[in-house]
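Each chain is listed here by its residues.
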Amino acid sequence: MSGCSRNEWMTVAAARLLRDKSVCFVGIGLPSAACNLARLTHAPGLVLIYESGTIGTRPQVLPLSIGDGELAETAAYVVPLPEVFSYYLQAGRVDIGFLGAAQIDRYGNLNSTVIGPYDLPTTRLPGAGGAPEIALHARQVFVMAKASKRSFVERLDFCTSAGYLDGYGARARGGAPGGGPRAVITDFGMLAPHPQTDELQLVALFADASVEEACAAVGWPLALADAIDTIAPPTPHELDTLRALFARTREAHACPVHLPLAPEGLP
Amino acid sequence: MSGCSRNEWMTVAAARLLRDKSVCFVGIGLPSAACNLARLTHAPGLVLIYESGTIGTRPQVLPLSIGDGELAETAAYVVPLPEVFSYYLQAGRVDIGFLGAAQIDRYGNLNSTVIGPYDLPTTRLPGAGGAPEIALHARQVFVMAKASKRSFVERLDFCTSAGYLDGYGARARGGAPGGGPRAVITDFGMLAPHPQTDELQLVALFADASVEEACAAVGWPLALADAIDTIAPPTPHELDTLRALFARTREAHACPVHLPLAPEGLP
Amino acid sequence: MFFSLADAIHDYITDGASVALEGFTHLIPFAAGHEIIRQRKRGLHLIRMTPDLVYDQMIGMGCARKLTFSWGGNPGVGSLHRLRDAVEHQWPNPLELDEHSHAGMAAAFCAGAARLPFGTLRGYAGTDLPARNPNIRSVTCPFTGESLAAVPAINPDVTILHAQRADREGNVAIEGILGAAREAALAAHTLIVTVEELVEELPPAMNAIVLPHWIVTAVVHCPGGAYPSYARGHYTRDNSFYQRWDTVARERDDFLAWMEQHVLRTSDHRAFLTGLTRADG
Amino acid sequence: MFFSLADAIHDYITDGASVALEGFTHLIPFAAGHEIIRQRKRGLHLIRMTPDLVYDQMIGMGCARKLTFSWGGNPGVGSLHRLRDAVEHQWPNPLELDEHSHAGMAAAFCAGAARLPFGTLRGYAGTDLPARNPNIRSVTCPFTGESLAAVPAINPDVTILHAQRADREGNVAIEGILGAAREAALAAHTLIVTVEELVEELPPAMNAIVLPHWIVTAVVHCPGGAYPSYARGHYTRDNSFYQRWDTVARERDDFLAWMEQHVLRTSDHRAFLTGLTRADG
């Protein structure tokens with residue numbers, strides 16, 4: 001499919017990883033688009049949970065924030081946030097956790113806390129949010145992040161969420177309930193952990209991307225899988241669905257909001 | 001007021017202890033009658049909590065069980081039971097706990113577990129229910145129990161709920177959040193703890209009861225307060241309200257219940 | 001996902017399993033308990049905050065080896081005679097007790113639902129319960145040094161609830177008094193729910209109580225399944241049944257005869273209810 | 001029980017207090033935050049899972065000395081520039097961070113609501129957070145010996161919420177996305193709730209979310225009090241305000257000018273909203 005952006009391709013590639021009827025804990029941004037694309041195409045039974053406490057939500061437009069009204073109105077039900085984390089995520093009832101991050105290392109550990117030293121950071125990032133426990137408990141984690149030597153780094157400035165730690169089975173030995181990051185979808189293709197070392201290696205490329213591009217975008221010597229797949233371009237149906245979703249979203253977010261200002265004299 | 005039973009007098013005496021707007025954790029039976037009598041007379045703002053999770057309930061008839069439908073239908077709201085115990089009782093948000101028991105000792109400790117040894121009891125009683133933590137956390141506890149040498153005993157067979165333990169400040173030293181049993185309403189009058197020793201002493205009698213009757217009904221040498229009050233008999237309004245409540249309750253419970261049996265062929 | 005009650009009990013309750021039938025006065029799954037008796041399940045570890053008539057029946061019929069509970073009586077009436085007979089005289093078999101307070105069991109169910117190994121509470125202080133139950137221990141706060149009560153999480157092999165409604169996906173909606181039903185459901189390895197009604201789709205729930213289809217193992221359509229307990233919006237509690245039970249259960253022979261006639265010789269819950277109609281008429 | 005917003009903030013928020021304004025995207029009490037700024041409260045320990053624009057404003061205006069939080073950004077837009085400036089350059093003053101994950105803070109609020117000294121979770125494993133926050137410790141299960149994460153309870157001096165409705169007794173009804181608002185309310189020593197509507201009586205609630213009048217300290221009638229956040233059933237989120245804020249807050253001078261015009265020089269929330277209308281027009 002010509003004329004699709006890498007962003008779109010990433011989103012489509014991520015969506016394809018989601019099986020129907022999976023229970024999916026969704027982060028905002030690219031993961032939210034991918035999850036909803038999957039739900040609107042091959043996985044209508046996907047159960048989406050947002051950390052605001054909306055469970056089984058089926059938004060018609062993408063939320064700007066994780067607690068948008070659209071998520072509540074289209075949810076099967078809405079629970080207090082502590083229950084989402086204890087009774088669902090920690091209880092092992094989430095199949096897929098979908099995360100982004102500012103930095104990722106070769107073992108899939110993630111940083112969304114600070115760039116520079118913690119006490120005097122050069123860039124203070126938003127912080128952990130739900131990520132540490134999503135990374136710990138979800139049966140599988142998918143990560144979406146655009147690659148650059150500043151984001152795919154040899155050494156994290158801060159470890160916000162554990163991937164495979166130092167690799168070679170360290171995560172499993174530590175007793176983490178969930179399986180860790182099974183795929184990293186980025187703007188040249190996909191990385192996945194090596195079965196023995198846990199190190200992320202290049203397993204698939206977009207049709208118009210090259211191994212050289214991939215290696216150049218990653219801040220460590222990128223290992224290559226024995227066979228590197230080519231990720232099929234978005235089908236017209238996938239791309240149309242995604243673009244329609246974004247168009248609906250833009251339209252909804254452009255709707256002017258009336259200030260909640262009662263006429264003078266009214267309470 | 002002539003012609004009222006001791007049961008009625010007990011209930012009225014207990015009801016009078018409740019101040020309007022108190023938050024009251026109610027046990028079933030006599031305490032439930034007393035609390036609702038108070039609500040229907042001098043304390044319309046009394047907040048009643050039953051351990052089933054019904055909060056601010058205003059039943060028109062007395063419940064047979066702590067989870068009757070009447071309690072839910074007339075409640076301000078209904079929460080899961082764990083929240084009643086953790087977010088309300090344990091959080092120190094209950095003013096009055098109202099308990100009954102099979103046995104009570106001179107320091108207001110209560111037994112509702114077994115008569116005889118725990119492992120091979122002569123009588124297995126229902127057990128603790130909510131009582132241990134009500135006794136621990138409510139700011140004040142009121143106990144209602146008919147007196148006899150088998151129920152007001154020198155030594156409990158089992159301590160289900162702590163009163164003043166061994167007395168002489170033992171409860172306070174142990175750090176119990178709540179104040180312990182402030183009154184025991186029984187069928188000859190009322191006992192209350194001595195300010196120093198914590199031992200229950202006779203503080204009030206029904207007009208037709210005597211100190212001798214009281215001492216004879218209690219299984220330990222009953223201490224007497226310096227001044228022993230006389231509990232005023234029920235007013236006509238109190239007694240009418242209580243009898244009307246019981247009459248409504250009998251009528252409601254006599255209503256035949258239709259078996260939930262759909263006609264053959266229907267689901 | 002959708003089963004007959006007989007199949008659900010047959011497929012998911014094995015002899016020796018730990019089983020919680022929850023509901024608090026409201027929505028007690030009587031039909032399911034009767035089916036457990038009909039299928040002569042044995043050696044069960046029964047769990048329930050307030051063992052009710054249906055537990056008296058299961059214990060009296062020899063289904064149970066152990067009981068985790070916090071209050072075992074006939075509410076507003078008196079004793080559970082079969083439970084007493086089992087504890088006081090080991091009839092029909094000894095019954096091991098794992099005895100708690102409501103607050104302790106609630107903490108244990110919450111811990112189970114959250115898959116934590118223990119629950120913490122300010123409780124049991126000054127009582128004899130910890131001395132009698134090695135499952136009541138203490139834990140020290142790593143910040144204040146305070147000692148608090150600890151109970152092990154309860155994670156039943158099977159939890160059975162009765163609820164008002166399930167939809168075609170198996171989502172279950174409950175309204176009214178809950179007790180610890182939701183936590184017992186979330187804590188279970190297998191969750192069976194009998195319901196009054198199957199509907200195409202549940203109404204929008206917002207902050208109501210829902211058990212999502214992906215935590216529900218089996219849904220059984222079983223109208224009247226909570227009788228003589230009640231189902232808000234469907235039927236009321238039969239208080240007179242609870243009062244009559246006191247007589248039925250007092251003596252072993254009367255109890256066995258009643259169970260034989262009303263439960264063992266009836267094929268299902270509908271037949272049980274029909275039988276009661278005849279007995280009343 | 002019923003206060004003007006100015007009186008409620010004046011009477012209940014003292015300099016140096018710990019204050020949680022909760023709500024999760026939904027029902028963020030903006031009006032109350034602005035009033036805190038107008039009254040120039042200082043040295044506050046601000047608490048909130050997701051510090052939002054109103055926290056950016058309070059921090060930038062010098063109200064805060066400490067922040068307990070788990071995610072501090074402009075949702076869907078980017079950074080909170082005033083929060084960043086405080087952490088990166090101590091402007092307008094240093095800001096101590098007590099940083100958690102959502103799961104950790106949720107456990108801390110739940111422990112606070114239950115008046116337990118600590119909350120337990122399976123969390124933080126393999127991360128650098130415990131090394132940076134002495135408030136993240138561990139506790140050993142007294143049954144299994146497992147080590148679990150522990151966080152100290154959060155019990156704010158004051159929690160402020162915005163909700164849809166209160167009745168004349170002061171009972172408060174909330175519907176829609178809650179975040180940890182209920183737990184933050186129950187954990188507080190003092191609870192202030194601004195509401196869209198005062199009604200005679202709330203509709204029957206059954207299993208809905210209600211804060212009973214006897215845990216509510218002050219109720220303030222404040223229509224639009226969550227704007228630019230939203231109140232389900234009343235008005236929607238003004239996403240464009242969140243997007244514009246990125247520009248407003250990026251530079252100190254622009255920020256101060258905006259706060260001066262829109263908050264400090266307006267007398268109350270109505271005037272704030274009216275001022276925005278003019279600015280837009």
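None of these values were measured; they are calculated from a predicted model.

## Overview of the pattern of salt bridges
Oppositely charged side chains can form a pair if their charged atoms are brought close together.
Residues and elements named next belong to chain C.
Here is step 1: Summed over all chains, the structure comprises 50 salt bridges over all chains.
Here is step 2: Here E200 and R168 are joined by a salt bridge, their closest N and O atoms 2.8 Å apart. On the criterion of sequence distance, the pair formed by E200 in the loop between β11 (190-199) and β12 (209-211) and R168 in the loop between β9 (158-167) and β10 (172-174) is long-range, its members being 32 residues apart.
Here is step 3: Judged by its relative accessible area of 56%, E200 is exposed.
Here is step 4: Of the charged contacts in the structure, one is a salt bridge between E175 and R232, with a shortest N-O distance of 2.6 Å. Separated by 57 residues along the polypeptide, E175 in the loop between β10 and α7 (181-187) and R232 in the loop between β13 (218-221) and α8 (239-250) bring together distant segments of the chain.
Here is step 5: A relative accessible area of 29% places E175 in the partly exposed class.

## Some thoughts on helix α3 (residues 53-60) of chain C
All names here are of chain C.
Here is step 1: Burial of α3 is extensive: eight of the eight residues sit out of reach of the surface.
Here is step 2: Within the sequence span of α3, burial applies to L53, V54, Y55, D56, Q57, M58, I59 and G60.
Here is step 3: Backbone geometry just after α3 places G62 at a positive phi near 80 degrees.

## Here's the deal with the confidence of the model for chain C
Here is step 1: Residues at a pLDDT of 70 or more form 98% of chain C, whose mean pLDDT is 92.
Here is step 2: At the level of chain-chain contacts, confidence expressed as ipTM amounts to 0.94, with global pTM at 0.95.

## What to know about helix α4 (residues 81-89) of chain C
Here is step 1: A large share of α4 of chain C lies buried, amounting to seven of its nine residues.
Here is step 2: Those residues of α4 of chain C not exposed but buried are H81, R82, L83, D85, A86, V87 and E88 of chain C.
Here is step 3: Next to the buried residues of α4 of chain C lie β9 (123-124) of chain B together with α3, β4 (64-69), β5 (96-99), α8 and α9 (252-264) of chain C.
Here is step 4: One or two residues past the end of α4 of chain C sits Q90 of chain C, with phi positive at roughly 55 degrees.

## Looking at unusual backbone geometry
Here is step 1: The peptide bond linking W91 of chain C to P92 of chain C adopts the cis configuration, its omega dihedral lying at 5 degrees.
Here is step 2: Checked against the element boundaries, P92 of chain C lands in the loop between α4 and β5.
Here is step 3: Positive phi values are uncommon outside glycine, yet D198 of chain A reaches one of about 70 degrees.
Here is step 4: Relative to the helices and strands, D198 of chain A is located in the loop between β12 (189-193) and β13 (200-206).
Here is step 5: Backbone geometry at R40 of chain D places phi at a positive 50 degrees, although glycine is not the residue there.
Here is step 6: Position of R40 of chain D among the secondary structure elements: in the loop between α2 (30-38) and β3 (44-47).

Definitions and cut-offs
Residues numbered from 1 in each chain as written. Chains lettered and ligands numbered in written order. Predicted model: local features only at pLDDT ≥ 70, side-chain atom pairs only at ≥ 80, totals over all residues. Heavy atoms only, no water. Salt bridge = Lys/Arg side-chain N within 4 Å of Asp/Glu carboxyl O. Helix = DSSP H or I, 4+ residues; strand = E, 2+ residues; numbered from the N terminus. Buried < 20%, exposed > 50% of the residue type's maximum accessible area, 1.4 Å probe, protein only. pLDDT = per-residue confidence, 0-100. Contact = heavy atoms within 4.5 Å.

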